[in-house]
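Chain and residue survey
Spelled out, the chains give:
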Amino acid sequence: NAGVTQTPKFQVLKTGQSMTLQCAQDMNHNSMYWYRQDPGMGLRLIYYSASEGTTDKGEVPNGYNVSRLNKREFSLRLESAAPSQTSVYFCASSDRGGNEQFFGPGTRLTVL
Amino acid sequence: QQQVKQSPQSLIVQKGGISIINCAYENTAFDYFPWYQQFPGKGPALLIAIRPDVSEKKEGRFTISFNKSAKQFSLHIMDSQPGDSATYFCAARRAAGNKLTFGGGTRVLVKP
């Protein structure tokens, strides 16, 4: 079991460029999440998907879009990157009860 | 507005000492309080969790103390070891939901 995998591990973008962060889980979990981690701010929820076919906004959704492609995969898209989106992005998944969220290794994104 | 406030932001403890991290919350609808541990370059991982009907939970050297009336909970790391050096996040989850709200994190350094 690979758990939660994320690609890429690192990315540098210029302001205005777009990109998609990929996430996949092999634990047959229903719920998936995207967070961003910034110093002193903890982890803030961007979007989540309670189950395949549904997505909802979290605490900081502006500037992002998501797609729950199937039960395994949940992608995060930046349509027009801004320096304020420089962060480390984590994907997570949990079963329907949601007691434990399993996190991927993260993507470190820098927007110049 | 941060719904879960965590302190201190960082702490240094000698090997064998006790590390104490505190969290306070405002929303009485929270019903599950986990702590996550994160090593550099890795995603967070669940360390220990508690529900508000219990005042204390211990797992090995890690103990959560919970004060429902004060809306506070804390993590105690007994006999701290250099391998405990990591960032620790408290979190809270609302009843009937999977979303977690995280505190800002505490970077713990255990000196040998």
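Relevant structure appears above.
Definitions and limits used
- Residues numbered from 1 in each chain as written.
- Chains lettered and ligands numbered in written order.
- Predicted model: local features only at pLDDT ≥ 70, side-chain atom pairs only at ≥ 80, totals over all residues.
- Heavy atoms only, no water.
- Helix = DSSP H or I, 4+ residues; strand = E, 2+ residues; numbered from the N terminus.
- Rg over C-alpha atoms; globule rule 2.2 N^0.38 Å.
- Buried < 20%, exposed > 50% of the residue type's maximum accessible area, 1.4 Å probe, protein only.
- Core = buried A, V, L, I, M, F, W, Y, C linked by side-chain atoms within 4.5 Å.
- Phe/Tyr/Trp six-rings, centres within 6.5 Å; stacked < 30°, edge-to-face > 60°.
- Contact = heavy atoms within 4.5 Å.
- Buried area = accessible area lost by both parts, 1.4 Å probe.
- Salt bridge = Lys/Arg side-chain N within 4 Å of Asp/Glu carboxyl O.
- Polar contact = N/O pair within 3.5 Å; in protein donor to acceptor, adjacent residues only side chain to side chain.
- Pairing = 2+ DSSP bridges.
- Axes fitted to C-alpha atoms, helices over the stretch in contact; angles between N-to-C directions.

A look at the overall build of chain B
- Helix and strand counts for chain B come out as zero helices and eleven strands.
- Secondary structure elements of chain B, listed N to C terminal, follow the sequence β-β-β-β-β-β-β-β-β-β-β.
- Taken against the 2.2 N^0.38 rule, which gives 13 Å for 112 residues, the C-alpha radius of gyration of chain B at 13 Å falls within 12% of a compact globule.
- For chain B, the spread of C-alpha atoms along the principal axes amounts to about 40 × 30 × 20 Å.
- Relative to its full complement of 112 residues, chain B shows a buried share of 48%.

Here's the deal with the overall build of chain A
- Each helix and strand counted, chain A has zero helices and eleven strands in total.
- Starting at the N terminus, the α and β elements of chain A follow one another as β-β-β-β-β-β-β-β-β-β-β.
- Compactness check: chain A gives a C-alpha radius of gyration of 13 Å against a globular reference of 13 Å for 112 residues, within 12% of the reference.
- Each principal axis of the C-alpha atoms in chain A carries an extent, and together these give about 40 × 25 × 25 Å.

Here's the deal with the nonpolar core
- If you look at the biggest cluster of nonpolar residues, it comprises 24 residues, and the most contacted ones within it are Phe33, Trp35, Phe73, Leu75 and Tyr88 of chain B.
- Mapped by element, the contributors of at least two residues to this core are β2 (10–14), β3 (19–25), β4 (30–38), β5 (45–50), β7 (62–67), β8 (72–77), β9 (86–94) and β11 (106–111) of chain B.
- Tallying contributions element by element places β9 of chain B first for this core, with four residues.
- Grouped together as the second largest cluster of nonpolar side chains are 19 residues, Met32, Tyr89, Cys91 and Leu109 of chain A included.

As for the packing of aromatic side chains
- Tallied over the full model, the rule gives 19 aromatic pairs over all chains.
- Arranged with centres 6.2 Å apart and planes meeting at 55 degrees, the rings of Tyr25 of chain B and Phe73 of chain B form a pair that is tilted. Here Phe73 of chain B lies in strand β8 and Tyr25 of chain B lies in strand β3, a separation of 48 residues in the sequence.
- Judged by its relative accessible area of 6%, Tyr25 of chain B falls in the buried class.
- Feature note: the residues Tyr33, Tyr35, Tyr48, Phe90 and Phe103 of chain A together with Tyr36, Phe89 and Phe102 of chain B constitute an aromatic cluster, connected by ring pairs.

Remarks on the interface of chain B and chain A
- At the junction of the two partners, chain B supplies 19 residues and chain A supplies 23 residues.
- The junction of chain B with chain A conceals about 1,600 Å² of combined surface from both sides, 48% of it contributed by carbon and sulfur atoms.
- For the chain B face of the interface with chain A, the top three residues by lost area are Asn98, Lys99 and Phe102 of chain B, together amounting to 34%.
- Between the two partners, chain B and chain A, sit zero salt bridges.
- Counting across the interface, chain B meets chain A through three residue pairs in polar contact (both at pLDDT 80 or more).
- The set of elements that each furnish at least two residues to the side of chain B that touches chain A consists of β4, β9 and β10 (100–102) of chain B.
- If one sorts the elements of the side of chain B that touches chain A by residue count, β4 of chain B sits on top with three residues.

Remarks on the sheet that holds strand β7 (residues 64–68) of chain A
All names here are of chain A.
- With antiparallel pairing, the four strands of this open sheet are ordered in space as β1-β3-β8-β7. Each having just a single partner strand, β1 (4–7) and β7 make up the two edges of the open sheet. For this sheet the average axis-to-axis angle between neighbouring strands, irrespective of direction, equals 20 degrees.
- Of the pairings in the sheet, the one linking β7 to strand β8 (residues 74–78) comprises five bridges and is antiparallel in character. Residue pairing across strands places Tyr64 opposite Leu78, the latter belonging to β8.

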